[in-house]
Amino acid sequence: MITTSNLHKHFGRIHAVRGVSFSVQKGEVLGFLGPNGAGKTTTMRMITGFLPPSSGTATVCGHDVSDAPVEAKRVIGYLPENAPLYGSMTVRDLLTFAAEIRGFRGKARAARVDAAIEKCRLGSVRNQSVATLSKGYRQRTCFAQAVLHDPPVLIMDEPTDGLDPNQKHVVRLMIREMAAEKAIIVSTHILEEVDAVCTRAIIISNGTVVANGTPDELRARSGSGRLDDVFRKLTLGEEDVTNG
């Protein structure tokens, strides 16, 4: 459902993404791991059509993101970094606005909004302005706009970053509940997130994929059985082997 082939991105002299290739199938939750500046966000922005690749291709449900951007974006739900939202709107008004952008009208629009509010546990704040929400509720509101049209592909950039343990639990639960019916990419630098929600993980360092496997396969490469050890080895350049 998601395929990238030899993606590259240059920002002037900076080569931010260097030949990234992978695929994600329905029912998979792919953890996209790497230190800050590794190229995670840039890669996700190319997959969603937010940034054009310098070279290489990204396809979503058979649609090339560069050649058929509208068709690709119709099947993507995107939760970008820092949950950008309109603070003056209420939660319900913002989701109604998002539904209208997606082409829903009348009863279909109201049904989509109500379903997103229920799915993301926003009932208690539905009439509250976004500017007054806690960070956790803001993140869940952005999550709600991403899933409102029930897309087959979800791409989430640091969905639990900065949340307290209870809010992290809620967001991870929502991801697990939707996982069976979608192809999902979750960008994170929080290793516990891999065990919490991911069926497979990719580690990226300096714009290059240095590992691709299940959490257990990655642990087996560490020598200690610990994800943090293999993460450190690969991102510090002690090992550079790509599996899968």
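Residue indices follow the written sequence of each chain, beginning from 1 at its first position. Given that this is a predicted model, residues contribute local features only at a pLDDT of at least 70 and side-chain atom pairs are listed and counted only at 80 or more, while totals for whole chains, interfaces and linings are drawn from all residues. The side-chain numbers reported here are obtained from all heavy atoms of the structure, hydrogens and water having been left aside.

Student: What exactly am I supposed to notice about helix α6 (residues 165-178) here?
Tutor: Because each turn of an α-helix spans 3.6 residues, side chains separated by three or four positions end up pointing in the same direction. We count a stretch as a helix when DSSP gives it H or I for four or more residues in a row; a strand needs E for two or more, and each element gets its number in order from the N terminus. The span expected for a helix works out to 1.5 Å for each residue beyond the first. Over its 14 residues, α6 extends 20 Å from the first C-alpha to the last, a length consistent with the 20 Å expected when each residue adds 1.5 Å. Buried within α6 are the following residues: Gln167, Lys168, Val170, Val171, Arg172, Met174, Ile175 and Met178. Note on contacts: a residue pair is in contact if any heavy atoms of the two residues lie within 4.5 Å. Contacts from the buried residues of α6 go to β3 (29-33), α4 (106-119), α5 (135-147), β7 (153-157), β8 (183-188) and α7 (192-197). The backbone nitrogen of Asn166 has a side-chain oxygen 3.0 Å away, supplied by the residue at the start of α6, namely Asp164. Here the term buried applies to any residue with accessible area under 20% of the maximum for its type, exposed to any over 50%, and partly exposed to those in between, with areas from a 1.4 Å probe on protein chains only. In the analysis that follows, any N or O atom pair within 3.5 Å is treated as a polar contact, provided that within protein one partner can donate a hydrogen and the other can accept it, and provided that, for residues neighboring in sequence, both atoms belong to side chains.

Student: Help me understand unusual backbone geometry in this model?
Tutor: With the exception of glycine, the majority of residues adopt a negative phi angle, and the majority of peptide bonds are in the trans configuration. Even without a glycine there, the phi angle at Asn6 is positive, about 55°. Relative to the elements of secondary structure, Asn6 occurs in strand β1 (residues 2-11). Owing to a relative accessible area of 40%, Asn6 belongs among the partly exposed residues under this scheme. Of note in the backbone geometry, Asp150 takes a positive phi value of approximately 55° without being a glycine. Looking at the secondary structure, you find Asp150 in the loop between α5 and β7.

Student: What is the right way to read the pattern of salt bridges from this model?
Tutor: Think of it this way: side chains of opposite charge can pair up when their charged atoms draw near. Salt bridge, as applied in this entry: a Lys or Arg side-chain nitrogen positioned within 4 Å of an Asp or Glu carboxyl oxygen. Under the definition given, this model contains eleven salt bridges. For Arg92, the salt bridge is made with Asp114, and the minimal N-O distance between the two is 2.8 Å. Taken together, the residues Arg92 in helix α3 (residues 91-101) and Asp114 in helix α4 connect sequence positions 22 residues apart. In this structure, Arg126 and Asp114 form a salt bridge, with 3.9 Å as the shortest nitrogen-oxygen distance. A residue pair is termed long-range when its members are at least 10 positions apart, and Arg126 in the loop between α4 and α5 and Asp114 in helix α4 qualify at twelve residues.

Student: When you look at the environment of Ser187 in this model, what are you seeing that I'm missing?
Tutor: As for its position among the elements, Ser187 is in strand β8. Judged by its relative accessible area of 0%, Ser187 falls in the buried class. Measuring from C-alpha to C-alpha, the distance between Ser187 and Ala16 comes to 16 Å, with 171 residues separating the pair along the chain. The residues touching Ser187, leaving out its near neighbours within four places in the chain, are Phe32, Lys40, Met44, Met156, Asp157, Glu158 and Pro159. Engagement of the side chain of Ser187 in a polar contact is seen with the side chain of Asp157, the distance being 3.2 Å.

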